[in-house]
There are 2 protein chains.
Amino acid sequence: MVYPNALYKLIEVFRRFPGIGPKMAQRLAFYLLDCSREEVVAIARAMVEAKDKLTYCSTCGSLAEEEKCPYCSDSKRDHALICIVQEPKDVLVLERTGQYRGLYHVLHGALSPLDGIGPGELRLDQLVQRLEQQDVKEAIIATNPNVEGDATASYVAKLISPLPVRVTRIAFGLPVGGDIEYADELTLSRAINGRREM
Amino acid sequence: MVYPNALYKLIEVFRRFPGIGPKMAQRLAFYLLDCSREEVVAIARAMVEAKDKLTYCSTCGSLAEEEKCPYCSDSKRDHALICIVQEPKDVLVLERTGQYRGLYHVLHGALSPLDGIGPGELRLDQLVQRLEQQDVKEAIIATNPNVEGDATASYVAKLISPLPVRVTRIAFGLPVGGDIEYADELTLSRAINGRREM
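All residue numbers refer to position in the chain's written sequence, counted from 1. All chains are assigned letters beginning with A, and all ligands numbers beginning with 1, in the order in which they are written. Thresholds applied to this predicted model are a pLDDT of at least 70 for local features of residues and 80 or more for the giving and counting of side-chain atom pairs; totals over whole chains, interfaces and linings are not thresholded and use all residues. For side-chain calculations, the full set of non-hydrogen atoms in the structure is used, while hydrogens and water are omitted.

### Observations concerning helix α6 (residues 147-160) of chain B
Residues and elements named next belong to chain B.
Then, number 1: Here a helix means four or more residues in a row that DSSP labels H or I, a strand means two or more in a row labelled E, and each is numbered from the N terminus. By this rule the span expected of a helix is its residue count minus one, scaled by 1.5 Å. A rise of 1.5 Å per residue sets the reference length of α6, with its 14 residues, at 20 Å; its end C-alpha atoms lie 20 Å apart and thus fit the reference within 8%.
Then, number 2: Each residue is placed in one exposure class: buried if its accessible area under a 1.4 Å probe, protein chains only, is under 20% of its type's maximum, exposed if it is over 50%, and partly exposed if it falls in between. The set of residues buried in α6 consists of Gly149, Thr152, Ala153, Val156 and Ile160. Looking down the long axis of α6, one finds its buried residues gathered within 105° of arc, a one-sided arrangement. When the buried face of α6 is taken as reference, the exposed residues oriented beyond 90 degrees from it are Val147 and Lys158.
Then, number 3: Note on contacts: a residue pair is in contact if any heavy atoms of the two residues lie within 4.5 Å. Check the buried side of α6 and you find it contacts β3 (78-85), α5 (124-133), β5 (138-141) and β6 (166-169). It is the directions from the helix axis to the C-beta atoms whose arc is reported.

Below is the structure:
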């Protein structure tokens, strides 16, 4: 098969991205080739600029354009409330709800011994330090509802249990718009266990 | 919602690509932020380099790294056979079959009056010129089996009918591995009309 080398390299670039298969990588490569040179340069520049400008907040570890993220530097938010999440993107998802007005703490991962991720790889020291030094009343654990997330939640809860901080975890149950008939057993068990007075 | 501006811009960059929705764009943006600066620069550079290196063959219009594509400059290929396709990527798909050993002619589009694409927008003059000047025996039309592709095929066939060139179109019918039970009526009608002696 005669594939121009530069095209092959371009397709390989797109293949590196998560969730992009060979067909999609080829489609993206051809889209890029159909763009003008100026557009391609603008796309390339936006990528490098984003990488240069975006850093992680020194306090909470969420995405920031300065040393402190917009959440930590916002005095109107509730600084007595900290929500612990795995990844910076989880912060954005929680922000989209518009319900949460506290601060965050991003662990940058979850415990996963098989992948070599132990407590030392997560931002746990910084978490304990924050809880000790700031006047935090409640820590809400919002790790993922899967094996790694559950293990991380248990570990974090135990780690901070000696501190005078209320530790909670976000609720699990049926998703809104979901159907009991199609719910899996684990979700349903958690929904039953997490039942509340009406 | 507090989204860092640089992240917002990066997500917008990915949104421009075809087939990338908001969730996927966010995923790709976060993947890029997780890469090292060197990797991001390498990705950005590969994009600009591909755009700079890849051009279209002056003869057939398919992708090339030089003035002539590898097909047109290959004396071992059958220069009496030209396959007419809509897009440069169609050439790569046909090459993957390993069956075709002739040359190509890329129209760079299909007739679509609603989108303002008439015969003047396609590489038809170049096609006629090639058929007149080179010793071509057969032109195989391989435009898409849809309204635009069919209209383009008819137009091209009529355009080149005065020339001493055999004009054919690739076969339509049931896809290999397909099931008659699930074939749509149009495909099945074409399969019946295109039946051959066994």
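Picking up after the structure, the text goes on.
### Considering the confidence of the model for chain A
Then, number 1: pLDDT expresses, on a scale from 0 to 100, how confident the predictor is about each individual residue. Of all residues in chain A, 99% attain a pLDDT of 70 or more, and the chain-wide mean is 90.
Then, number 2: Interface scoring of the predicted complex returns ipTM 0.77; its pTM is 0.74.

### Describing empty space enclosed by the protein
One water molecule sets the probe size; rolling that probe over the atoms shows where empty space is left.
Then, number 1: Using a 1 Å grid laid over the protein atoms alone, points where a 1.4 Å probe fits but cannot get out form a cavity; open sets with protein on both sides within 12 Å along at least 5 of 7 lines form a pocket; any residue with an atom within 4 Å of a point counts as lining. Grid points are joined across faces, edges and corners, and a volume is the space filled by probe spheres set on the points. Applying the stated criterion across every chain yields a total of four cavities of 30 Å³ or more.
Then, number 2: Put simply, the largest cavity is a space of about 50 Å³.
Then, number 3: What lines the largest cavity is Phe30(A), Asp34(A), Tyr56(B), Glu87(B), Pro88(B) and Lys89(B).
Then, number 4: Mapped by element, the contributors of at least two residues to the lining of the largest cavity are α2 (22-34) of chain A together with α4 (88-97) of chain B.
Then, number 5: Gly counts as polar in this scheme, as do all residues outside two lists: the nonpolar Ala, Val, Leu, Ile, Met, Phe, Trp, Tyr, Cys and Pro, and the charged Asp, Glu, Lys and Arg. In terms of residue class, the lining of the largest cavity is built from three nonpolar, no polar and three charged.

### Things to note about the relation of the copies chain B and chain A
Then, number 1: Superposing the copies works by least squares over the C-alpha atoms of residues that have pLDDT at least 70 in both of them. When chain B is brought onto chain A, the operation consists of a screw motion whose angular component is 180° and whose axial shift is 0.0 Å, with 0.1 Å RMSD remaining. The two molecules are tied by a two-fold rotation axis, judged by turn and shift. Within chain B, Ala44(B) has its C-alpha nearest the rotation axis, a separation of 2.2 Å.
Then, number 2: Residue by residue, 100% of the interface of chain B is reproduced at the interface of chain A, so both copies engage with the same surface.

### Concerning the interface of chain B and chain A
Then, number 1: Between chain B and chain A, the contact holds 49 residues from the first and 49 residues from the second.
Then, number 2: Both faces considered, chain B and chain A share a buried interface measuring about 5100 Å² in area, 72% of it formed by carbon and sulfur atoms.
Then, number 3: When a carboxyl oxygen of Asp or Glu is within 4 Å of a side-chain nitrogen of Lys or Arg, the pair counts as a salt bridge. Here chain B is connected to chain A by two salt bridges.
Then, number 4: Here Asp52(B) makes a salt bridge to Arg37(A), at a shortest N to O gap of 2.5 Å.
Then, number 5: Polar contacts, as counted here, are pairs of nitrogen or oxygen atoms within 3.5 Å of one another; within protein the pair requires one atom able to donate a hydrogen and one able to accept it, and residues that are adjacent in sequence qualify only if both atoms are side-chain atoms. Taken together, chain B and chain A are joined by 16 residue pairs in polar contact (both at pLDDT 80 or more).
Then, number 6: Tallied by class, the residues present in the side of chain B that touches chain A amount to 34 nonpolar, four polar and 11 charged. Here the quantity called buried area is the accessible surface, traced with a 1.4 Å probe, that two parts lose on coming together, added over both.

### Digging into the packing of aromatic side chains
Then, number 1: Any two of the Phe, Tyr and Trp rings considered here, Trp counted by its six-membered ring, make a pair once their centres fall within 6.5 Å; the pair's planes then place it as stacked at under 30 degrees, edge-to-face at over 60, or tilted in between. Counted under the stated rule, the structure contains 10 aromatic pairs over all chains.
Then, number 2: An angle of 70° between the planes, with centres 5.7 Å apart, marks the rings of Phe14(A) and Phe17(B) as edge-to-face. Placement of Phe14(A) in helix α1 (residues 5-15) and of Phe17(B) in the loop between α1 (5-15) and α2 (22-34) is noted, with the two residues assigned to different chains.
Then, number 3: The buried category is assigned to Phe17(B), whose relative accessible area is 4%.
Then, number 4: Here the aromatic cluster, defined as three or more aromatic residues joined through ring pairs, consists of Phe14(A), Phe17(A), Tyr31(A), Phe14(B), Phe17(B) and Tyr31(B).

### Observations regarding the sheet that holds strand β3 (residues 78-85) of chain A
Residues and elements named next belong to chain A.
Then, number 1: Two strands pair under a simple rule: DSSP has to find at least two bridges between them. On the basis of which strands lie adjacent, the open sheet formed by four strands has the order β4-β3-β5-β6 and parallel pairing. Two strands bound the open sheet, and with one partner strand each, they are β4 (102-106) and β6 (166-169). When strand polarity is set aside, the average angle formed by the axes of neighbouring strands in this sheet is 25°.
Then, number 2: Judged from the four bridges that link them, strand β5 (residues 138-141) and β6 form a sheet pairing that is parallel. Directly across from Ala139, in β6, lies its bridge partner Val167.
Then, number 3: Axis angles are defined between N-to-C directions and span 0 to 180 degrees, where every axis is a line fitted to C-alpha atoms and, for a helix, only to the segment in contact. Lying on the sheet, helix α4 (residues 88-97) is in contact with β3 and β4; it crosses β4 at an angle near 155°.
Then, number 4: The strands touched by helix α6 (residues 147-160) within the sheet are β3, β5 and β6, with β6 carrying the most contacts at an inclination of about 170°.

### Some thoughts on the nonpolar core
Then, number 1: Formed by 86 residues in total, the largest nonpolar core has its most connected members in Leu7(A), Phe14(A), Met47(A), Leu7(B), Phe14(B) and Met47(B).
Then, number 2: Filtering out sequence-adjacent residues up to four positions away, Phe14(B) remains in contact with Phe17(A), Met47(A), Ile20(B), Ala25(B), Leu28(B), Ala29(B) and Leu32(B). Residues belong to a common nonpolar core when they are buried Ala, Val, Leu, Ile, Met, Phe, Trp, Tyr or Cys residues joined through side-chain atoms within 4.5 Å.

### Examining α4(A)
Then, number 1: Listing the buried residues of α4(A) in full gives Pro88(A), Asp90(A), Val91(A), Leu92(A) and Glu95(A).
Then, number 2: Those residues of α4(A) that are buried are in contact with β1 (55-56), β2 (63-64), β3 and β4 of chain A together with α1 and α2 of chain B.
Then, number 3: Where α4(A) terminates, the next one or two residues include Gly98(A), which has phi positive at roughly 70°.

### So, the side chain of Ser112(A)
Then, number 1: Secondary-structure assignment places Ser112(A) in the loop between β4 and α5 (124-133).
Then, number 2: Other than its neighbours up to four places away in sequence, Ser112(A) contacts Ile117(A) and Glu148(A).

### Some thoughts on the sheet that holds β3(B)
All names here are of chain B.
Then, number 1: The parallel open sheet is built from four strands, whose spatial order is β4-β3-β5-β6. Only two strands of the sheet have a single neighbouring strand rather than two, namely β4 (102-106) and β6. Shown here is a sheet whose adjacent strand axes are inclined to one another by a mean of 25°, direction ignored.
Then, number 2: Where β3 and β5 come together, four bridges link them in parallel fashion. Looking at β5, one finds that Ile82 is bridged to Ala139.
Then, number 3: α4 rests against β3 and β4 of the sheet, and its axis sits at about 155° to β4.
Then, number 4: Sheet contacts for α5: β3 and β4; angle to β4, the most-contacted strand, approximately 150°.

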